[in-house]
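Structural overview
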6 protein chains.
Amino acid sequence: MSPDTETGARQIPAAQAALFAGARPHMQRLAGRTIVVKHGGSTMARGGRLWEELLVLQGMGVRPIVVHGGGPEITAMLNDLQVPVQFVDGLRVTDAAVLDVATMILGAKINKRLVAELNANGGKAIGLTGIDGNLLVVEKAKHAQDLGFVGDVVGVNVALLNQLTAAGYIPVIAPLGIDTAGQTYNVNADSAAAAVAGALQAAVLALVTDVPGLYRQEADGQKTVIPRITPAGIDDLIAQGQIKGGMVPKVKGCLAAMTQGVERIQILDGGQPYPLLQALLTDDGCGTTVVNEVSDAR
Amino acid sequence: MSPDTETGARQIPAAQAALFAGARPHMQRLAGRTIVVKHGGSTMARGGRLWEELLVLQGMGVRPIVVHGGGPEITAMLNDLQVPVQFVDGLRVTDAAVLDVATMILGAKINKRLVAELNANGGKAIGLTGIDGNLLVVEKAKHAQDLGFVGDVVGVNVALLNQLTAAGYIPVIAPLGIDTAGQTYNVNADSAAAAVAGALQAAVLALVTDVPGLYRQEADGQKTVIPRITPAGIDDLIAQGQIKGGMVPKVKGCLAAMTQGVERIQILDGGQPYPLLQALLTDDGCGTTVVNEVSDAR
Amino acid sequence: MSPDTETGARQIPAAQAALFAGARPHMQRLAGRTIVVKHGGSTMARGGRLWEELLVLQGMGVRPIVVHGGGPEITAMLNDLQVPVQFVDGLRVTDAAVLDVATMILGAKINKRLVAELNANGGKAIGLTGIDGNLLVVEKAKHAQDLGFVGDVVGVNVALLNQLTAAGYIPVIAPLGIDTAGQTYNVNADSAAAAVAGALQAAVLALVTDVPGLYRQEADGQKTVIPRITPAGIDDLIAQGQIKGGMVPKVKGCLAAMTQGVERIQILDGGQPYPLLQALLTDDGCGTTVVNEVSDAR
Amino acid sequence: MSPDTETGARQIPAAQAALFAGARPHMQRLAGRTIVVKHGGSTMARGGRLWEELLVLQGMGVRPIVVHGGGPEITAMLNDLQVPVQFVDGLRVTDAAVLDVATMILGAKINKRLVAELNANGGKAIGLTGIDGNLLVVEKAKHAQDLGFVGDVVGVNVALLNQLTAAGYIPVIAPLGIDTAGQTYNVNADSAAAAVAGALQAAVLALVTDVPGLYRQEADGQKTVIPRITPAGIDDLIAQGQIKGGMVPKVKGCLAAMTQGVERIQILDGGQPYPLLQALLTDDGCGTTVVNEVSDAR
Amino acid sequence: MSPDTETGARQIPAAQAALFAGARPHMQRLAGRTIVVKHGGSTMARGGRLWEELLVLQGMGVRPIVVHGGGPEITAMLNDLQVPVQFVDGLRVTDAAVLDVATMILGAKINKRLVAELNANGGKAIGLTGIDGNLLVVEKAKHAQDLGFVGDVVGVNVALLNQLTAAGYIPVIAPLGIDTAGQTYNVNADSAAAAVAGALQAAVLALVTDVPGLYRQEADGQKTVIPRITPAGIDDLIAQGQIKGGMVPKVKGCLAAMTQGVERIQILDGGQPYPLLQALLTDDGCGTTVVNEVSDAR
Amino acid sequence: MSPDTETGARQIPAAQAALFAGARPHMQRLAGRTIVVKHGGSTMARGGRLWEELLVLQGMGVRPIVVHGGGPEITAMLNDLQVPVQFVDGLRVTDAAVLDVATMILGAKINKRLVAELNANGGKAIGLTGIDGNLLVVEKAKHAQDLGFVGDVVGVNVALLNQLTAAGYIPVIAPLGIDTAGQTYNVNADSAAAAVAGALQAAVLALVTDVPGLYRQEADGQKTVIPRITPAGIDDLIAQGQIKGGMVPKVKGCLAAMTQGVERIQILDGGQPYPLLQALLTDDGCGTTVVNEVSDAR
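Residues numbered from 1 in each chain as written. Chains lettered and ligands numbered in written order. Predicted model: local features only at pLDDT ≥ 70, side-chain atom pairs only at ≥ 80, totals over all residues. Heavy atoms only, no water.

A few points about the overall build of chain A
Note the cut-off: Strands are runs of DSSP state E lasting at least two residues, helices are runs of H or I lasting at least four, and both sets are numbered from the N terminus onward. The size measure is the radius of gyration over C-alpha atoms, and the globule rule it meets is 2.2 Å times the number of residues to the 0.38 power. In this scheme, a residue with accessible area under 20% of its type's maximum is buried, one over 50% is exposed, and one in between is partly exposed, where area comes from a 1.4 Å probe on protein chains only. Whether two residues touch is decided by their heavy atoms; if any such pair falls within 4.5 Å, the residues are in contact. Using the Shrake-Rupley algorithm and a 1.4 Å probe, accessible areas are obtained, with residue cover drawn only from the displayed protein chains. Within this scheme the basic residues Lys and Arg register as positive and the acidic residues Asp and Glu register as negative, but His and the chain ends are omitted. Each charge is placed at NZ for Lys, CZ for Arg, CG for Asp and CD for Glu.
The helix and strand inventory of chain A stands at nine helices and 16 strands. Compactness check: chain A gives a C-alpha radius of gyration of 20 Å against a globular reference of 19 Å for 298 residues, within 12% of the reference. Going through the 298 residues of chain A one by one, you find that 55% of them count as buried. Intrachain contacts of chain A at a sequence separation of at least 6 include 71% that bridge at least 24 residues. Of the roughly 11300 Å² of accessible surface on chain A, a fraction of 52% belongs to carbon and sulfur atoms. Separation between the mean location of the 23 positive side-chain charges and that of the 27 negative ones in chain A comes to 3 Å.

Points about the relation of the copies chain B and chain A
Operational definition: The atoms used to superpose the copies are C-alpha atoms, taken from residues with pLDDT of at least 70 in both, and the fit is least squares.
Mapping chain B onto chain A is achieved by rotating through 180° and translating by 0.0 Å along the same axis, at an RMSD of 0.1 Å. The relationship between the two copies is best expressed as a two-fold rotation axis. Using C-alpha coordinates, one finds that chain B approaches the rotation axis most closely at B:Met60, a distance of 2.1 Å. The residues that chain B uses at the interface reappear at the interface of chain A in 100% of cases, marking a shared surface.

Comments concerning the confidence of the model for chain A
Caution applies to low-pLDDT parts of the model: their predicted coordinates are not meant to be read in detail. Residue and element names in this part refer to chain A. For clarity, the cut-off: You can read pLDDT as the predictor saying how much it trusts each residue, on a scale of 0 to 100.
Within chain A, residue pLDDT values average 88, and 92% of them lie at 70 or more. Low pLDDT, under 50, characterises residues 1–10; the predicted model gives this stretch 18 contacts beyond four residues in sequence or across chains. Interface predicted TM-score (ipTM) for the complex: 0.90; the corresponding pTM is 0.88.

Some points on the side chain of C:Thr288
Residue and element names in this part refer to chain C. Filter applied, for reference: Nitrogen and oxygen atoms within 3.5 Å of one another constitute a polar contact, given that in protein one can donate a hydrogen and the other can accept it, and given that sequence-neighbouring residues count only through two side-chain atoms.
Within the secondary structure, Thr 288 is located in strand β16 (residues 288–291). Polar side-chain contacts of Thr 288 include one of 2.8 Å to the backbone nitrogen of Leu 214. In this structure Thr 288 touches Pro 212, Gly 213, Leu 214, Val 225, Ile 226, Pro 227, Ile 229, Ile 265, Gln 266 and Ile 267, once residues within four positions along its chain are discounted.

Focus on the interface of chain A and chain F
For clarity, the cut-off: Throughout, the accessible surface (probe 1.4 Å) given up by two parts as they are put together, summed over both, is called the buried area. A carboxyl oxygen of Asp or Glu within 4 Å of a side-chain nitrogen of Lys or Arg is what we treat as a salt bridge.
Counting from both sides, the interface comprises 36 residues of chain A and, opposite them, 36 residues of chain F. The largest contributions to the chain A side of the interface with chain F come from A:Met104, A:Lys112 and A:Gln163, which together make up 19% of the buried area. Across the chain A-chain F interface, the total number found is four salt bridges. Across the contact surface, chain A and chain F share 10 residue pairs in polar contact (both at pLDDT 80 or more).

Quick look at the packing of helix α7 (residues 231–239) of chain F against helix α8 (residues 247–260) of chain F
To describe two helices that pack against each other, one gives the angle between their axes and the distance between the axes. All names here are of chain F. Using the following cut-off: Angular values range over 0 to 180 degrees, each being the angle between N-to-C directions of two axes fitted as lines to C-alpha atoms, with helices fitted over their stretch in contact. Orientation is classified from the angle alone, with under 35 degrees giving roughly parallel, over 145 giving roughly antiparallel, 65 to 115 giving roughly perpendicular, and any other angle giving oblique. In this scheme the crossing of two helices becomes right-handed for a clockwise turn of the near helix relative to the far one and left-handed for an anticlockwise turn of less than a right angle. Each residue gets one label: Ala, Val, Leu, Ile, Met, Phe, Trp, Tyr, Cys and Pro are nonpolar, Asp, Glu, Lys and Arg are charged, and the others, such as Gly, are polar.
In contact at an axis separation of 11 Å, α7 and α8 are set at 160° when each is read in the N-to-C sense. As summarised for this structure, α7 and α8 are arranged roughly antiparallel, according to the angle between their axes. In the crossing of α7 with α8, the sense of the turn from one axis to the other is left-handed. Across the interface between the two elements, Pro 231, Ile 234, Asp 235 and Ile 238 from α7 touch Val 248, Val 251, Lys 252, Leu 255 and Met 258 from α8. In terms of residue class, the contact of α7 with α8 is made up of seven nonpolar, no polar and two charged.

Overview of the interface of chain B and chain A
Counting from both sides, the interface comprises 39 residues of chain B and, opposite them, 40 residues of chain A. Note on chain B versus chain A: buried area summed over both sides is about 3600 Å², and carbon and sulfur give 65% of it. There are zero salt bridges connecting chain B and chain A. Here chain B and chain A share two residue pairs in polar contact (both at pLDDT 80 or more) between them. Among the secondary structure elements, those contributing two or more residues to the side of chain B that touches chain A are α1 (11–30), α2 (50–59) and α9 (275–281) of chain B. The residue inventory of the side of chain B that touches chain A, partitioned by class, reads 21 nonpolar, 11 polar and seven charged.

Structural notes on the sheet that holds strand β14 (residues 228–229) of chain D
Residues and elements named next belong to chain D. Heads up, the rule is: Here, a strand pair is defined by DSSP locating no fewer than two bridges between the strands.
Strand order across the open sheet formed by eight strands is β5-β8-β2-β1-β11-β15-β16-β14, with mixed pairing between neighbours. Both outer strands of the open sheet, β5 (125–129) and β14, are each paired with one neighbouring strand and no more. Two elements, strand β2 (residues 63–68) and strand β8 (residues 170–174), share two bridges in a ladder whose sense is parallel. Bridging across to β8, Val 66 finds its partner in Val 172.

A few points about the pattern of salt bridges
Under the defined criterion, the tally for this structure stands at 54 salt bridges over all chains. Where D:Arg49 meets D:Glu52, a salt bridge forms, and the shortest distance between an N and an O atom there is 2.6 Å. For D:Glu52, a relative accessible area of 5% puts it in the buried group. Between F:Asp146 and F:Lys140 there is a salt bridge; the shortest N-O distance is 2.7 Å. Judged by relative accessible area, F:Asp146 falls into the exposed class, the value being 53%. If you follow the salt bridges from partner to partner, you end up with A:Glu73, A:Lys109, A:Arg113 and F:Asp100 in one network.

Focus on the arrangement of the chains
Across the gap from chain A to chain D, with no contact made, the nearest C-alpha atoms are 28 Å apart. Structurally, chain B and chain E remain out of contact, their C-alpha atoms never closer than 28 Å.

Looking at the relation of the copies chain A and chain F
For the pair chain A and chain F, the superposition axis carries a translation of 0.0 Å, the fit reaches an RMSD of 0.1 Å, and the rotation angle comes to 180°. Take the interface residues of chain A: 100% of them recur as interface residues in chain F, which is what a same-surface contact looks like.

Brief notes about the sheet that holds strand β11 (residues 204–209) of chain B
All names here are of chain B. Read from one edge to the other, the open sheet built from eight strands follows the order β5-β8-β2-β1-β11-β15-β16-β14, with strand pairing classed as mixed. Looking at the sheet topology across the chains shown, the edges are occupied by β5 (125–129) and β14 (228–229). Where strand β15 (residues 264–269) lies against strand β16 (residues 288–291), four bridges are found, and the strand directions are antiparallel. Within the sheet, the bridge partner assigned to Gln 266 lies in β16 and is Thr 289. Set on the sheet, helix α5 (residues 158–166) makes contact with β2 (63–68), β5 and β8 (170–174); between it and β2 the angle comes to about 125°.

Description of the environment of D:Gln272
All names here are of chain D. Within the fold, Gln 272 resides in the loop between β15 (264–269) and α10 (275–281). Looking at Gln 272, the relative accessible area reads 27%, which means it is partly exposed. In this structure, the C-alpha to C-alpha distance between Gln 272 and Val 154, residues 118 residues apart in sequence, is 34 Å. Reaching out from Gln 272, the side chain makes a polar contact with the side chain of Gln 278 at a distance of 3.0 Å.

What about unusual backbone geometry?
In the Ramachandran plot, A:Tyr274 falls in the positive-phi region, its phi being about 50° despite a non-glycine side chain. With respect to the secondary-structure elements, A:Tyr274 resides in the loop between β15 (264–269) and α9 (275–281).

This is the structure:
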């Protein structure tokens, strides 16, 4: 306990206490529920610390699950090993050599870094790939051009995840999958997170990105972040061309998760301090929230 | 979600989120633990709302139990019914007529008011007296003068309390007891709270009082609140006459609970906003904390 | 063991043993089943002792639940406190002052007396009001004249009652309720008992009253107790005006419980010795039994 | 329900009900406890019906286990099959042919008759021999003369019996055993019952015999049944020669069970009506009770 | 471990190990599943040892249940006791005297022999008749001529069998039944086995017989065993008169079990070494397999 | 089912069936027990397939756990990345760059290859490192020369492994560890396997190596494999210098596991077909078995 005077510093605990009290409705809404967090896997430069946010949420009775990406580190290692890097429509063409590297970067280098951070701070994290326990069963992705070992998730081992979260573990999932013949695949991390969230009917699918949220471009060309939008509103944005390119399939994957029962999608700026806590525990929130009714009380 | 501008209001969620992150070590220390809160039973004039604090703590995995008092309301009703009121050494002399009134005020009027407040806000509270399920088994208190039906707790139904808290209920206990012959008794609320905390080896016994904590009177006559003290330090204060009168048995009851395994006692000012949250979730704390080692990291 | 001669007193145990054997079919029918007993709450002048009957039945594997009333004691205290007493159609008009008194008399004075009697004799009773654990969720009663805080039960916390009876506790329920906004209400005890029995699909709803059962008035004006009747038979009695006034809603509440799955209603004379045991364990029974088929084997 | 007049027959239920109330302390003492009943296996000529007594006791929360004998029926069948019958010191010499017959009479003819009676009346009985599930592990009995396949119990499968009684089954055990090499043996039924009761630390071991209890021969030659005696008192009777011959080992087996934790032995007259119910549920009891303290409150 | 040279005997373990590996798909198909084995009850002259096969299968996670017969031993004892033996259409006419003998031979002599063999070798077998725990509830068989106490199974206590097999016990069932009035009956062992298998939806019903399987008589009069056939194929054989007489009802009972969910029937030659293991664990199998699709992969 | 003639091929199932019967004692000894298999991680050139052996053993009720190595692949990748490779006393000097590579090769490339093989064949494998769930808590290894991030196991998360194996999963563990500060380490695979086996008190610790077992060099210089030896015998071999160099610490780690309760160590030749099945299921065994008593019956 830091030294303080009776008159001054003691104001701070009172203000803090009031904040906790104010977060109560948010805590009650999330208690006992599963949330799935898509994270890039890197320690963010400016912002919050993922492990810290997860442990606070878990302490409030939330069951967090992380799905992480790792594209830049895969590319870096492919360069180190002088393996050619090729993308089609934003998707990585994955031959056996690339799959090996993706497996190592996603399944070990990044995954164990995240797990070690959580466990070093009193957490109980377990790193898994979609191969372990047949967690993510995939089929080869259909695409105009052959992408190699890129898979689409067609099944999730829900029992394993529920067993682990019920025992207090935080699963940290690397986006690799396995087909019924035992062949392993690379999976897009956003798609994997959406599939996991949908299968678990998670309360929240939170995407920690490098943008402040979904934008709307006004007539004068100015762009503003949309704080709250419905799936129908997103369809409009796509139709208007305000959402385009690689964002379209990513956004559509999230909407599919909502039709499976996910209650809300949070699109967050990883550069913010503690973006998850902002989004989930404060009245004002953070980034863009996708909900079925804009008028939903938070 | 309140309207806000990108630059201004959005600072607030970030600051809030940082505060939650800062409370993480406190949350981890208390998770899954039982705390016993002694409360006067009245809605405090200036300060926090008990139900709100309890629900926040329960949301963080704490198992709260309330023991409440109610002396002023008992006296008021005795006056209404023109029953004489008599105290000996600060203890209410309790004949059959007084016991009836105490039973009704403690066991119903105050108890159900607290329970209804919790349940109206999403809580799961159950009001009990020490008679129910033989929760508090007592013997007639030994005292120089016969105090009538005033009992000392000699046994606590720990299984019942653990069963209820494990099922998510918050027990709200009125300080009445029963002896092995089925006679009911009035019990001092501080003693009842200490007995319950000791029997459950609670993490914390929090006394919500009408003073800011334990005082030390300096040579110049000025009084300052003691933020942190050990049982030995309290023995010194008693020896020095700084703690005296009715405070002595009350304080000794708390120390007895510590020898049974309670980790810390919090003496709090009910006039503060959210005193429990201040004391349990902030670095600076609130009131006086009694711990076995002053140097204990919070 | 009392002294006895080989020839004389030893006849008694044999006769007793034969009686137990004769009760076997009744025991097998009730084993593991819940029964709800509506009781006035007072120690009956002539008759059985409620606690003794409940412990015998519980010892035979029955799960008893008590709902008690307490109108006369409420009225007496209102008189002591000089609060005006007002009834409309037999229902107590309940303003805030009356509700306070009803809460104290029902929720503590009578409730804890019943609980203490059971616990003093080896029972495990827990006194609850409908406020505790949201046990009885109510809505304000609709009536031509505003009755104040008088509620109709619209929900019962079945899980809590089953959890307690499974753990061997006997719930003793005071007829107070809570609405979804946290306001508490007075509830008619017969209605509360019927609601609890219906929600639990109890084997038996037993009403311990101050009359020997339902009467039929013969042509010569003589009244005889009806030992066995069906719901349709009761409808006939109402149509004939043999059941009238305040008895009509009371009887209709019981019939509603039967449509929810309660198997039989027992209307018993509390002045009889051990009326519950007579009704439930002997071939001849006691008072009036309402069953779906008069020809049902007991 | 039999027809009755208000004045006459209705007295009977009241008297019956009072008897049930009187049995309450006995019920509370036995609730949840295991009792082991040694029975001859035949339907007794004059007295109670075993199945009826067991179901009444089970209905009161007692867990009954039966061990039955069957010597006369074994001898009858040996005679039918013209196999010679031979006894040494009251123990049947058991060669392979005798063992076959004993297995069939005990393990099937008598055992299934008892089981069928219980099951026909709503019971859940399971007939077992000591061979099944290695229920009674034996060693060949040591005796001056070779008795053939006669075994002494050296182990009891307590888990199996507890699993069955917890599931509401009444085990009915034929006194056959198995050694570790898989050889089966005949076992004395009294010894088997004592071994089972001792291993389970049963509340009661009841021996249903063809005598009224243990006798004491007075100086004038008159014999009186001893209602209550301690193990030390029995040692005295043996020393005085009042208990002698085949009764000595039988009685010593029972005392050994008491040292393992059995609380009382009941020696009962099977010719009495409902001897078990008399002994266990009435104040006056029946036959001889062996307890550690004669002054024990029943 | 036998002495061996490095070059020679060490070849044997390698070959053995390869055989275990080859059985893996069969083990995976049967793991956790129940199989019901109908066995004559005698120790087969030439062939496998039942207990050994059952313990191997149980060791692979299979839950075996045995139903045994015993006709020849019943007839032998009836002859010893000079009770007349009478058959109608291959069914034993069963008066009270015959029922007694059948009960003893099936329920004890054969049953305990099988149980003792299993338990002597580390198994956990429990012998039961259909009377125990109302395991086989029967009705008197309808037949042109009165057959006496011969019953048809109309109900199986599935819970009891599942509880025992889940606890690692092997139930060994003698084909006796009980009707709702408590009368016991003799039951055809094949019918009993089919009823048990059907009620449990067993993976396999294996009939260990004294023939090599089902035969097909070719045009040249030569008979060949049919390795694999469907229910429809069996109907054809019956229509062609290739299956006739007493085999017809036996075969139809098995087909009825398949309609209840039994996956395959194995008709095995008890004279083979280890016929069950051959049938269930090798690619080539043994005897005749009845399956819903002949082309089913084993 | 392959086509066959009645006379020829049908001999094969009979021989196979006899083999299964012969393996019964081995199956009974291992049922429900945990075994830990240390494996190099590569698909062996000549020999058995690890996944196949594990699934056979799991099908017999064994709970297998795999700890794999991977040194050659680590070295290969370090060479590809032009990171210098350095060993001290057979231990890899592990700086941050080496640790990264070891993490990726062990934690992902090899680990997921083994997991995928098991899962593709109907297994339920989960790949873990010692970092996940704090499975292997380590301290920095003490060594004359600083080895960098090389750790010694000081704690094993036994609860996690037992939870997974009880749910039917096969844990596949990469030998990486974490210290209490969250730093990750490389761990020697043999040491990790011995630590896991010791902590779990495994029935067997099997080391699949590239040698046929422990050798004894005779006076004439000839070397023979020792089929069976005790820890004391190994101490003798070390004293005689027959075991030396890098083998000494490896062998001592295994003996330490035996003092923790591991019953036997199997040192196996991975070039053999199905070495685990040979060692665990055949009478003749395979390689060298270390047991506490050479005369122990297998």
